[in-house]
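So the chains spell out like this:
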Amino acid sequence: MEPTDPINPVNGAAHIVLDNVSMSFNGRRVFDSLSCEFPRGKISVVLGGSGVGKSTVLRLIGGLVRPCSGRILVDGDNVCELPDRKLYSVRDKLGMMFQGGALLDSLNVFDNLAFPLRESSKLDEEEIREEVHRRLRSVGLSDVDELLPGELSGGMVKRVALARAIMRSPEILMIDEPFSGLDPVSTKMIEALLLRLNRELGITMVVVSHHVRSTLRMADWIVLMLPDGAVAGTPGDLLNSQDPCVTRFLNEDPDEALAALENPDAATEYSR
Ligand SMILES: Nc1ncnc2c1ncn2[C@@H]1O[C@H](COP(=O)(O)OP(=O)(O)OP(=O)(O)O)[C@@H](O)[C@H]1O
Ligand SMILES: [Mg+2]
């Protein structure tokens, strides 16, 4: 389809470009010749059924896995070809919130957040404390320093994971499934938080989600991954699409899709 909006990354500034990327694990194909772009400073959402390769796209952008072929440009640098030292400097621009949060279970909230700063900054303990509390406030949390991840609600885990992902002021924030397992109220709270962080900090966000309703509310740009390739556009572009695969994906009951993902026994085409 022909995206028409001015944020179209082909006309504007694409922060990240995937150009003809093919990926497989141990000879098993995940996708072939995937091409898509993510505009700078905007919220892009990668939508698609389970197993279509959404999380893999984030790992490819972060240079955590390498594609079989194709180019992945982050700010113009092809991460597939960079020597390790340069790859680290690209990774410095990236923040990642992994699917499930990936907090360290044995560390309390404070230490989970202080960890990346202790590893890589020259801040002293008092400065680290200030920085951790500033980030916690920015995700609406206070008085949670001593809590262990197991003592947090699902929505709090997401917020702490988000705070950790922005700890080092990334230019690009990649967020895997921020809404999974959340009730509708928590979903809207996280959604509002992501919007606020994007608008206040100007971070380029790449959010992976299968939550159609949230996506349509918050995305500036959508990359819908289908088994035969990606379709990209603004929410309006996709809603007006005549492509039956696109309309079927967007019009399926998102709650049913969520239920199918969370309960594989009840899965339909959403769990391939
Ligand atoms: N490290 C790995 N080794 C082998 N196979 C992998 C690896 N990572 C992902 N895969 C496979 O690649 C495919 C895509 O996985 P991926 O996690 O990217 O899907 P997804 O779209 O994020 O799915 P979900 O919505 O369920 O999170 C799956 O078939 C998965 O089993
Ligand atoms: Mg995934």
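Residues numbered from 1 in each chain as written. Chains lettered and ligands numbered in written order. Predicted model: local features only at pLDDT ≥ 70, side-chain atom pairs only at ≥ 80, totals over all residues.

The next thing to look at is the sheet that holds strand β8 (residues 204–209). The strands making up a sheet associate through hydrogen bonds between their backbones, and the pairing can be parallel or antiparallel. The sheet built from six strands is open, its strands ordered β6-β7-β8-β3-β9-β10 with mixed pairing. Each edge of the open sheet carries a strand with a single partner, namely β6 (94–97) and β10 (229–233). Here the strands of the sheet are splayed against their neighbours by 15° on average, with no regard to which way each runs. Note that strand β3 (residues 43–48) and strand β9 (residues 221–226) share five bridges and pair parallel. Residue L47 lies in a different strand from β9, and its bridge partner there is L224. Packing of helix α5 (residues 154–165) onto the sheet brings it into contact with β6 and β7 (172–176), and relative to β6 it is tilted by some 165°. (Pairing = 2+ DSSP bridges. Helix = DSSP H or I, 4+ residues; strand = E, 2+ residues; numbered from the N terminus. Axes fitted to C-alpha atoms, helices over the stretch in contact; angles between N-to-C directions. Contact = placed C-beta atoms within 7 Å.)

Phi at D75 is positive, roughly 55°, even though this residue is not glycine. Tracing the sequence through the fold places D75 in the loop between β4 (69–74) and β5 (77–78). Not every positive phi belongs to a glycine, and E177 is a case in point at roughly 50°. With respect to the helices and strands, the residue E177 is situated in the loop between β7 and α6 (184–201). Residue E177 is classed as buried on the basis of its 21 C-beta neighbours within 10 Å. (Buried ≥ 20, exposed ≤ 12 C-beta atoms within 10 Å, placed from the backbone.)

Now for the sheet that holds β5. Across the sheet, which stays open at both edges, the four strands sit in the order β2-β1-β4-β5 with antiparallel pairing between neighbours. At either end of the open sheet lies a strand with only one pairing partner, and these are β2 (28–39) and β5. Summarising the sheet, β4 and β5 pair through two bridges and their orientation is antiparallel. The partner of V74 across the bridge, within β5, is D77. Contacts between helix α1 (residues 54–61) and the sheet are confined to β1 (14–25), β2 and β4, with β1 contributing the most and set at about 115° to the helix.

Moving on, we get to the pairing of β9. Residues in a regular strand project their side chains so that they alternate between the two faces of the sheet. The buried fraction of β9 amounts to five of the six residues, a majority that puts the element mostly inside the structure. Where β9 and β10 come together, five bridges link them in antiparallel fashion. Paired with L226 across the two strands is G229, which belongs to β10.

This paragraph deals with the packing of helix α3 (residues 109–120) against α5. Between two packed helices, both the angle of their axes relative to each other and the distance between the axes serve to describe the pair. Across the interface, α3 lies against α5 with an axial gap of 9 Å and an inter-helix angle of 25°. Taken as axis vectors, α3 and α5 run roughly parallel relative to one another. Of the two possible hands of crossing, α3 and α5 adopt the one that is right-handed. Here V109, N112, L113 and P116 of α3 come into contact with α5, specifically with V160, A163 and R164. Looking at the contact of α3 with α5, its residues break down into five nonpolar, one polar and one charged. (Parallel < 35°, antiparallel > 145°, perpendicular 65-115°, else oblique. Left-handed = near helix turned anticlockwise from the far one by under 90°. Nonpolar A, V, L, I, M, F, W, Y, C, P; charged D, E, K, R; others polar.)

Averaged over the chain, the pLDDT score is 85; the fraction of residues at 70 or greater is 88%. Under a pLDDT of 50 for its full length, residues 257–261 has, in the predicted model, 15 contacts with residues more than four places off or in other chains. For the stretch residues 264–272, pLDDT sits under 50, and the model shows 19 contacts to residues farther than four places along the chain or on other chains. (pLDDT = per-residue confidence, 0-100.)

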